[in-house]
Every structure is written in structure tokens, then in C-alpha cells.
Amino acid sequence: MNNISGSQKLFTFLVLVGIFLMAACSPAAPAHNTAEGALEAEIHYTLKTGAADGQLIFIGVGGEIDGQINPDLTANVGDTVAITLINDDGRFHDFVIDEFNAATSVFSEIGQEETIQFTVDQAGTFFYYCSVTGHRQAGMEGQLIVNN
Ligand SMILES: [Cu+2]
């Protein structure tokens, strides 16, 4: 009897721990947002660097842009946008949008990544690009479209 009762208590405890962990991991939980400020962004795009047909490119990772070359990124005025850049080709690259003073550092290690976050405070179409000499001309350019 004691063993059964003990097992039941343990089971109940584990269920409660599970519920707690699920609640803690929920995006709606304030504690989570406070702990990981980088995830507060309303919009999060991930791009990796690459090359194709003699061009240098950004490639969308995940979501609607998955696999797209130099994908159109969209946002609404007032949104906080996070961009994660993953180096996937071992060349030096960065990600820059001049109008929003948004820029990663320049890095070259395969698998290395950096996330930046910025708020889009004006509507329009803005270029993102790689600022390493020659790379924008070689193809590393796309558009961020900010709607009202
Ligand atoms: Cu580049």
C-alpha cells in the first residue's frame, strides 16, 4: 500500500512539474519574455548565407521564407523585428539595413550565428544586404517591406 501511495504521489508531483514547465515555456508567460529579451520581437526571421550559380545569397530558414533566395521580409510599422543570421558557407558576411541602423557583426565561421533586434518606425521598402566588399553586388541583397 505504501508503495502504491508513494508512486501516486510521485506521479502527481511529476504531472505538476510538467504543467509548470509547459507554462514556463509558453510564449505568453511573462517570466519567459523577461528571461529571454531577444524573443520579445513580434517578428523573427532567420537567414543563412550561401552561394548559388556564381552568386552570393541569403537563404530563408524556416517559416514562409524557408529555402527562398534573398526573400522579401515583411513587417508593420511599430513592430520589433529580430533577424538571425547564420553563416553557412565560411565566408565573411553580415546583415545590414541602413535605415534602421540594424547590423550584425561580420563573421565567417560556419555555423556561427548572431541575432539582432530593431524596431521599424517607418513604412516603405528597405534594402537589406551584406556590407562585405563586393557581396551586395554579387547578390547579397533583399528587401524588407514595412506596411502601415
Ligand atoms: Cu557577404
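Nothing here was measured: the structure is a model prediction, and the numbers come from that model.

About the cut-offs
- Residues numbered from 1 in each chain as written.
- Predicted model: local features only at pLDDT ≥ 70, side-chain atom pairs only at ≥ 80, totals over all residues.
- Helix = DSSP H or I, 4+ residues; strand = E, 2+ residues; numbered from the N terminus.
- Pairing = 2+ DSSP bridges.
- Axes fitted to C-alpha atoms, helices over the stretch in contact; angles between N-to-C directions.
- pLDDT = per-residue confidence, 0-100.
- Contact = placed C-beta atoms within 7 Å.
- Buried ≥ 20, exposed ≤ 12 C-beta atoms within 10 Å, placed from the backbone.
- Core = buried A, V, L, I, M, F, W, Y, C linked by C-beta atoms within 7 Å.

(A) Inspection of the overall build of the chain at higher detail. From N to C terminus, the chain includes two helices and nine strands. What you see in the chain, going N to C, is helices and strands ordered as α-α-β-β-β-β-β-β-β-β-β.

(B) The arrangement of the sheet that holds strand β1 (residues 43-52) in detail. If you walk across this open sheet you meet the four strands as β2-β1-β4-β7, and the pairing is mixed. Of all the strands in the sheet, the pair left with one neighbour each is β2 (55-61) and β7 (113-119). Each adjacent strand pair in this sheet contributes to an overall mean axis angle of 25°, direction not counted. Pairing geometry for β1 and strand β4 (residues 80-86), over six bridges, is parallel.

(C) Local environment of the confidence of the model for the chain. The share of residues in the chain with pLDDT of 70 or more is 74%, and the mean pLDDT across the chain is 83. Below a pLDDT of 50 lies the segment residues 1-7, which in the model reaches zero contacts outside its immediate sequence neighbourhood of four places, other chains included. Counting interchain partners and residues more than four positions distant, the pLDDT-below-50 stretch residues 10-38 has twelve contacts.

(D) Main features of unusual backbone geometry. Although it is not a glycine, Asn70 sits at a positive phi angle of roughly 40°. Considering the arrangement of structural elements, one finds Asn70 in the loop between β2 and β3 (73-76). Under the C-beta neighbour-count criterion, Asn70 is labelled buried, with 20 such atoms within 10 Å. One non-glycine residue, Asn101, lies in the positive phi region at around 50°. For Asn101, the position within the fold is in the loop between β5 (96-97) and β6 (102-103). By the C-beta count within 10 Å, which is 9 here, Asn101 ends up exposed.

(E) Molecular detail of the nonpolar core. Core analysis: the largest hydrophobic core is formed by 22 residues, its most contacted members being Leu47, Ala75, Ile83, Phe95, Met140 and Leu144. Secondary structure elements with two or more residues in this core: β1, β2, β3, β4, β8 (124-129) and β9 (141-147). Element by element, the count of residues in this core is highest for β2, at four residues. Setting aside chain neighbours within four positions, we find Met140 in contact with Leu56, Ile57, Phe58, Tyr129, Cys130 and His135.

(F) Region of interest: the pairing of β3. Burial along β3 is one-sided: the residues Leu73 and Ala75 are buried and none of Thr74 and Asn76 is. Note: β3 against β9, four bridges, orientation parallel. Within β9, the residue paired with Leu73 across the bridge is Leu144.

(G) Molecular detail of the environment of Ile86. Among the secondary structure elements, Ile86 is positioned in strand β4. Setting aside chain neighbours within four positions, we find Ile86 in contact with Thr46, Lys48, Val61 and Glu113.

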